Amino acid sequence: MADPHAASLAFLDGAAAADVTAIAAQIVPSDDGPGATEAGAMYFFDRALTTFAADQAADFRAGMAELSKRREQMFPGTASFAALTKDQQQQLLHTVETTDFFTLLKTLTVMAWLGSPEYGGNRKSVGWKYIGFDDAGFFEPPFGYYDAEGK
């Protein structure tokens, strides 16, 4: 089934979006609760790489190209990262886990899972609910000398 939000992607194309979803799912899996997939990490990546992380967009594209090259070498004839088995995905990610590219992937994935939903990730606050974070803001006006002036 086609993703209804895919048309709204600004940075990622369909194939890259599928790969990012699979990569993020390896970093924060859905084994015992909601993971990066449920948090909408792919949408967070897309938004981040066109806004606050736009300066890392070229590094991201280069890293994805290198990952694709490694995939072809390790698993000839495979179509994409997303098409690999989970074990193959893990093997491939282990080959880049000490790179700046993987650091970027981890950072964006964790931000997508635990960041504020207003930035495109943590859909339905699944990451916050999983860790028990209650975003019930508690605001109280500051008290000080100016309070007496209104009386």
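None of these values were measured; they are calculated from a predicted model.

> Explain unusual backbone geometry residue by residue, including any values.
Of note in the backbone geometry, K124 takes a positive phi value of approximately 55° without being a glycine. In this fold, K124 is placed in the loop between α5 (100–114) and α6 (126–131).

> Give me the lowdown on helix α1 (residues 14–27), citing residues and values where you can.
Spanning 14 residues, α1 covers 20 Å between terminal C-alpha atoms, matching the ideal 20 Å at 1.5 Å per step. Residues of α1 that are buried: A16, A17, D19, V20, A22, I23, A24, A25 and Q26. Residues of α1 that are buried in the fold lie against α2 (41–48), α3 (57–74), α4 (86–94) and α5. If you check the start of α1, you find a side-chain oxygen 3.2 Å away from the backbone N of A15, and it comes from D13.

> How would you summarise the pattern of salt bridges if you had to cite specific residues and measurements?
All chains considered together, the criterion is met by 2 salt bridges. Across the salt bridge formed by R70 and E66, the nearest N and O atoms sit 3.0 Å from each other. On the criterion of helical spacing, the pair formed by R70 and E66 is a turn pair, its members being 4 residues apart in helix α3. For R70, a relative accessible area of 24% puts it in the partly exposed group. When the shortest N-O distance is used, the salt bridge between R71 and E72 registers 3.1 Å. Judged by its relative accessible area of 6%, R71 is buried.

> Just give me the short version of the environment of G115, but keep the residues and values in it.
Tracing the backbone shows G115 in the loop between α5 and α6. Linking G115 and F44, residues 71 residues apart in sequence, is a C-alpha distance of 9.5 Å.

> Which residues make up the packing of aromatic side chains, and what are the values?
Evaluation of the coordinates by the stated rule reveals 6 aromatic pairs. Here W128 and F133 contribute two aromatic rings whose centre-to-centre distance is 4.9 Å and whose plane-to-plane angle is 70°, an arrangement assigned as edge-to-face. Looking at F133, the relative accessible area reads 42%, which means it is partly exposed. Through a chain of ring-to-ring contacts, three or more aromatic side chains come together here, namely F11, F45, F60 and F101. Against the face of F11 rests R61, its NZ or CZ located 3.9 Å from the ring centre.

> I'd love a proper account of the packing of α1 against α4, names of residues and values included.
Across the interface, α1 lies against α4 with an axial gap of 11 Å and an inter-helix angle of 85°. Our classification of the angle between α1 and α4 gives roughly perpendicular. Mapping the contact onto sequence places A22, I23 and Q26 in α1 and K86, Q89, Q90 and L93 in α4.

> An account of the nonpolar core is requested, with residue identities and associated values reported.
Counting 38 residues, the largest nonpolar core has L12, F60, L67 and F81 as the members making the most contacts within it. Where this core is concerned, the elements lending two or more residues are α1, α2, α3, α4 and α5. Sort the elements by how many residues they give to this core and α5 lands first, with 7 residues. The contact partners of L12, leaving out residues within four places of it in the chain, are A17, V20, M42, F45, D46 and F60.

Calculation notes
Residues numbered from 1 in each chain as written. Predicted model: local features only at pLDDT ≥ 70, side-chain atom pairs only at ≥ 80, totals over all residues. Heavy atoms only, no water. Helix = DSSP H or I, 4+ residues; strand = E, 2+ residues; numbered from the N terminus. Expected span 1.5 Å × (residues − 1). Buried < 20%, exposed > 50% of the residue type's maximum accessible area, 1.4 Å probe, protein only. Contact = heavy atoms within 4.5 Å. Polar contact = N/O pair within 3.5 Å; in protein donor to acceptor, adjacent residues only side chain to side chain. Salt bridge = Lys/Arg side-chain N within 4 Å of Asp/Glu carboxyl O. Phe/Tyr/Trp six-rings, centres within 6.5 Å; stacked < 30°, edge-to-face > 60°. Lys NZ or Arg CZ within 6 Å of the ring centre and 35° of its normal. Axes fitted to C-alpha atoms, helices over the stretch in contact; angles between N-to-C directions. Parallel < 35°, antiparallel > 145°, perpendicular 65-115°, else oblique. Core = buried A, V, L, I, M, F, W, Y, C linked by side-chain atoms within 4.5 Å.

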